[in-house]
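# Descriptive structure summary
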Amino acid sequence: MNISEYKGVFVFAEQRDRKVQKVALELIGKGKELAKDLNTTVTAVLLGKDMKDEAKRLCYAGADKVIYVDDDLLDIYMTEPYVYTMHKIITDKKPEAVIYGATAIGRDMAPRVSARVHTGLTADCTGLAIEADDEDPNKQNLMMTRPAFGGNIMATIACPNHRPQMATVRPGVMQAAKYSEQNPVNIEEYKIDIPKECKNVEILDVTKIIQQRMNIEDAKVLVSGGRGMHGPENYPMLEELADLLGGTISASRAAVDAGWVPKDRQVGQTGKTVRPNLYIACGISGAIQHLAGMEESDYIIAINKDETAPIFDVADVGIVGDIFQVVPLLIEELKKEKATK
């Protein structure tokens, strides 16, 4: 393999219902940083049907170029047509790095593409950076960081001898670049004939599950409970506080493992990474695994009766006290404030 032939950073722009997903915009933001370090460009790859307007949005979101494939077989995600198309594009364009969102689609698609192009894949990354190769200073590698050993350590992985370097990245970890409709639009409509045999399944119906609570990755305010909540019967108190603040609840791994809160509420290395405007940690000690999932929040308030709890090291405001006394007082004051408006 002649590694010098591979140039550029590619981002798989995931779409659902003909709408580009937020994670694609986050990856373009990170892709621009990587491309700058590599002195190259970032290209978004969009697979779908009748999505030219969404392709423009990817340019406005910072992509230097968009490769758009329009085909009936790509309208709704199916493994084989998507993998076949992505494999053909990578083989033709030879990007240096390809990144996907660590979503249900990305996790299904990325390992199959990596196997077909005979390269490695680092899954569920929380960090990406470019570093020079120790053996060849002229060669730069994508350093891919992910949790390992149940989230107890962070492993940084490189793929020095194969290209493209490939990774899936957790939604919510990276920040989207500044969106501007003044950005130039550069769209290549890539033509490809997807063999009929690629359609090895038929989608008869798509059932959508409407979440009762907002997705914690999208929430502007999160009220998060940990082991200090003592049981599921105490979470309605946090829900009331979250409702008053226009947010939703989340939890630490300890609370999820205990069965107090559903898995989709978990924040941390083995859960979701969040960046709300306000994060209120209630009864959470602040283990490194949890901090990795929320320390980029704009403003952090920690409530814990243990004044030595590590959560206070990242908190903007720390309240040392009993949650079951402090939170009801907060709720009472918020209700008074709302009543005066």
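For the structure given in this document, a descriptive report is provided here. (Residues numbered from 1 in each chain as written. Predicted model: local features only at pLDDT ≥ 70, side-chain atom pairs only at ≥ 80, totals over all residues. Heavy atoms only, no water.)

## A few points about the environment of Thr119
Assignment of secondary structure puts Thr119 in the loop between helix H4 (104-116) and strand E7 (121-125). Spatially, the C-alpha atoms of Thr119 and Arg163 are 6.2 Å apart, while their sequence positions differ by 44 residues. Those residues in contact with Thr119 that sit more than four places away from it in its chain are Ser114, Cys159, His162, Arg163, Pro164 and Met166. Here the side chain of Thr119 touches Pro164 through a polar contact of 2.7 Å, landing on its backbone oxygen. (Helix = DSSP H or I, 4+ residues; strand = E, 2+ residues; numbered from the N terminus. Contact = heavy atoms within 4.5 Å. Polar contact = N/O pair within 3.5 Å; in protein donor to acceptor, adjacent residues only side chain to side chain.)

## Concerning the sheet that holds strand E11 (residues 165-169)
Pairing is parallel across the open sheet formed by seven strands, whose spatial order is E7-E11-E6-E1-E4-E5-E12. Looking at which strands have only one partner, the edges of the open sheet turn out to be E7 and strand E12 (187-189). On average, each strand axis in the sheet is tilted by 20 degrees relative to the strand beside it, whichever way the strands run. As defined by bridge partners, E7 adjoins E11 across three bridges and the pair is classed as parallel. Bridge pairing in E11 places Leu121 opposite Met166. (Pairing = 2+ DSSP bridges. Axes fitted to C-alpha atoms, helices over the stretch in contact; angles between N-to-C directions.)

## Observations regarding the nonpolar core
Core analysis: the largest hydrophobic core is formed by 35 residues, its most contacted members being Leu46, Leu58, Val66 and Leu128. Counting 28 residues, the second-largest nonpolar core is a separate cluster that includes Leu47, Ile89, Tyr100 and Ala110. (Core = buried A, V, L, I, M, F, W, Y, C linked by side-chain atoms within 4.5 Å. Buried < 20%, exposed > 50% of the residue type's maximum accessible area, 1.4 Å probe, protein only.)

## Quick look at the sheet that holds strand E9 (residues 140-148)
The three strands lie next to each other as E8-E9-E10, forming an open sheet whose pairing is antiparallel. Edge positions in the sheet fall to strand E8 (127-132) and strand E10 (153-157), since each of these pairs with one other strand and no more. Averaged over all pairs of adjacent strands, the angle between their axes in this sheet comes to 30 degrees, without regard to strand direction. Across six bridges, the pairing between E8 and E9 is antiparallel. Directly across from Gly127, in E9, lies its bridge partner Thr145. Packed on one face of the sheet, helix H1 (residues 22-38) meets E8 and E9 and runs near 0 degrees to E8.

## Examining the environment of Ala158
Its place among the elements puts Ala158 in the loop between E10 and E11. Judged by its relative accessible area of 35%, Ala158 falls in the partly exposed class. With 126 residues separating them in the primary sequence, Ala158 and Lys32 have C-alpha atoms 19 Å apart. When neighbours within four sequence positions are excluded, Ala158 is seen to be in contact with Leu142, Met143 and Met144.

## With respect to the packing of helix H3 (residues 79-93) against H4
Packing of H3 against H4 leaves a shortest axis separation of 9 Å and a crossing angle of 45 degrees. It follows from the interaxial angle that H3 and H4 lie oblique. H3 and H4 meet at a crossing whose hand is right-handed. Residues Thr79, Glu80, Tyr82, Val83, Tyr84, Met86, His87 and Ile90 of H3 pack against Asp108, Met109, Arg112, Val113 and Arg116 of H4. Its residues assigned to classes, the contact of H3 with H4 comprises seven nonpolar, two polar and four charged. (Parallel < 35°, antiparallel > 145°, perpendicular 65-115°, else oblique. Left-handed = near helix turned anticlockwise from the far one by under 90°. Nonpolar A, V, L, I, M, F, W, Y, C, P; charged D, E, K, R; others polar.)

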